[in-house]
Amino acid sequence: MPKTGSSRLRGIELLSDIGEKDLEALEKSCRWKQYAAHEQIIDRQSDTRDVIFVVRGKVRIVNFSLSGREITFDDLGEGSFFGELAALDGQLRSAGVMALTDTLVASLPPDLFVETLGRHPDLALKVMIHLAHVVRMATDRIMDLSTLAANNRIHADLLRQARVNMKEENTAIISPIPVHGDIASRVSTTRETVARVMNDLARQGIVKRTKDSLILFDVDRLQEIVEEVRGA
């Protein structure tokens, strides 16, 4: 267990309001493990129930279709957490998780997680807000998959990424550059379709690919494209 575990747990957004003494107790209760890039952290349908904090690195929440196609739900970075569903309802894992980079995680047993929620109402509220966000995001994605064509789903995914990477009023910079295969996995299409849509957006002057980032010069126009199809 890292000697600086307490300070590292302090970087977990969910635990940011917990006092140092309680944080130290949680740190001592966690199991710490390092994962290499592309190593699996948990399997879907696993009966493990720990809540896992991403102390360092980046992970991907994934499932696989019967044909073996990877379906990406989300990428989580340092300071995030996952596994709360199994800890709360006692059911099997709903998705798999793999490390995207060298990653250090701290795993908290489910009973201690639930006990901590009971002793810290503010933390419990944070978890509820987080779960509400997950439900809203899932609802949006279900609607997109059900009602939008593949090119429009790509537009919607880029818009979601742009909104969390705004640099100016109408400009976003996404870095590192989104990988075509990752976008295809999120919106259930092919790399070729993603490439075609990205080239079309570049011709319209909406996006530009640089050495290490994707610049969206006109986020408002991208939003208009998405809303026109959604009928918003």
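The preceding data block contains the structure.
Residues numbered from 1 in each chain as written. Predicted model: local features only at pLDDT ≥ 70, side-chain atom pairs only at ≥ 80, totals over all residues. Heavy atoms only, no water.

Any chance you could break down the nonpolar core for me, citing the residues and the numbers?
If you look at the biggest cluster of nonpolar residues, it comprises 23 residues, and the most contacted ones within it are Ile154, Leu158, Leu201, Leu214, Leu216 and Leu222. Beyond its immediate sequence surroundings of up to four residues, Leu201 is in contact with His155, Leu158, Ile206, Val207 and Leu222. Counting residues in hydrophobic clusters, the runner-up holds 22 residues, among them Trp32, Val55, Ala106 and Leu117. (Core = buried A, V, L, I, M, F, W, Y, C linked by side-chain atoms within 4.5 Å. Buried < 20%, exposed > 50% of the residue type's maximum accessible area, 1.4 Å probe, protein only. Contact = heavy atoms within 4.5 Å.)

Kindly report on the packing of helix H5 (residues 121-147) against helix H6 (residues 150-163), identifying the contributing residues and their values.
At their nearest, the axes of H5 and H6 sit 10 Å apart, and the two run at 155 degrees to each other. For the element pair H5 / H6, the angle class is roughly antiparallel. As for the relative orientation of H5 and H6, their crossing is right-handed in sense. Facing Met137, Arg141, Asp144 and Leu145 of H5, the residues of H6 in contact are Arg153, Ala156 and Arg160. Looking at the contact of H5 with H6 residue by residue, the class counts come to three nonpolar, no polar and four charged. (Axes fitted to C-alpha atoms, helices over the stretch in contact; angles between N-to-C directions. Helix = DSSP H or I, 4+ residues; strand = E, 2+ residues; numbered from the N terminus. Parallel < 35°, antiparallel > 145°, perpendicular 65-115°, else oblique. Left-handed = near helix turned anticlockwise from the far one by under 90°. Nonpolar A, V, L, I, M, F, W, Y, C, P; charged D, E, K, R; others polar.)

Got a sec to walk through the sheet that holds strand S11 (residues 207-209)? Specific residues and values, please.
Read from one edge to the other, the open sheet built from four strands follows the order S9-S10-S12-S11, with strand pairing classed as antiparallel. Of all the strands in the sheet, the pair left with one neighbour each is strand S9 (166-168) and S11. Mean inter-strand twist for the sheet, computed between neighbouring axes without regard to direction, equals 25 degrees. The sheet contact formed by S11 and strand S12 (residues 214-216) spans three bridges and is antiparallel. Each residue of the ladder has a partner; that of Arg209, found in S12, is Leu214. (Pairing = 2+ DSSP bridges.)

Tell me about the pairing of strand S10 (residues 171-174), residues and numbers included.
Sheet topology note: the S9/S10 ladder contains two bridges and is antiparallel. When the bridges of S10 are listed, Met166 appears paired with Ala172. Bridge count between S10 and S12: three bridges; the pairing is antiparallel. In the strand pairing of S12, Ile174 is matched with Leu214.

Give me the lowdown on the side chain of Gln161, citing residues and values where you can.
Tracing the sequence through the fold places Gln161 in helix H6. Of note is the side chain of Gln161, whose polar atom sits 2.9 Å from the side chain of Asp157. (Polar contact = N/O pair within 3.5 Å; in protein donor to acceptor, adjacent residues only side chain to side chain.)

Provide a residue-level description of the layout of surface pockets, including the pertinent values.
To locate leftover empty space, one rolls a probe as large as a water molecule over the atoms. Taken as a whole, the second largest pocket holds about 220 Å³ of empty space. What lines the second largest pocket is a set of 15 residues, and nearest its centre among them are Glu70, Gly181, Asp182, Ser185 and Arg191. Residue assignment for the lining of the second largest pocket shows that the elements contributing at least two residues are strand S5 (70-76) and helix H7 (180-187). The leading source of residues in the lining of the second largest pocket is H7, at four residues. For the lining of the second largest pocket, the residue count by class is four nonpolar, six polar and five charged. (1 Å grid on protein atoms, 1.4 Å probe; cavity = no way out; pocket = protein on both sides within 12 Å on 5 of 7 lines; lining within 4 Å. Points joined across faces, edges and corners; volume = space filled by probe spheres on them.)

Kindly report on helix H4 (residues 110-119), identifying the contributing residues and their values.
Listed as buried for H4 are Pro110, Phe113, Thr116 and Leu117. The arc that holds the buried residues of H4, viewed along the axis, is 125 degrees, so those residues lie on one side. Opposite the buried face of H4, by more than 90 degrees, sit the exposed residues Asp111 and Gly118. Buried residues along H4 sit against helix H2 (20-29), strand S3 (51-56), helix H3 (84-89), strand S8 (103-108) and H5. (Arc of directions from axis to C-beta.)

Tell me what's going on with the sheet that holds S5, and back it up with residues and numbers.
The four strands are arranged S2-S7-S4-S5 in an open sheet whose pairing can be described as antiparallel. The outermost strands of the open sheet, each flanked by one partner alone, are strand S2 (40-42) and S5. Strand-to-strand, the axes of this sheet are offset by a mean angle of 35 degrees, without reference to chain direction. Of the pairings in the sheet, the one linking strand S4 (residues 59-64) to S5 comprises six bridges and is antiparallel in character. The partner of Phe64 across the bridge, within S5, is Glu70. Seen against the sheet, H7 touches S4 and S5 and runs at an angle of roughly 105 degrees to S5.

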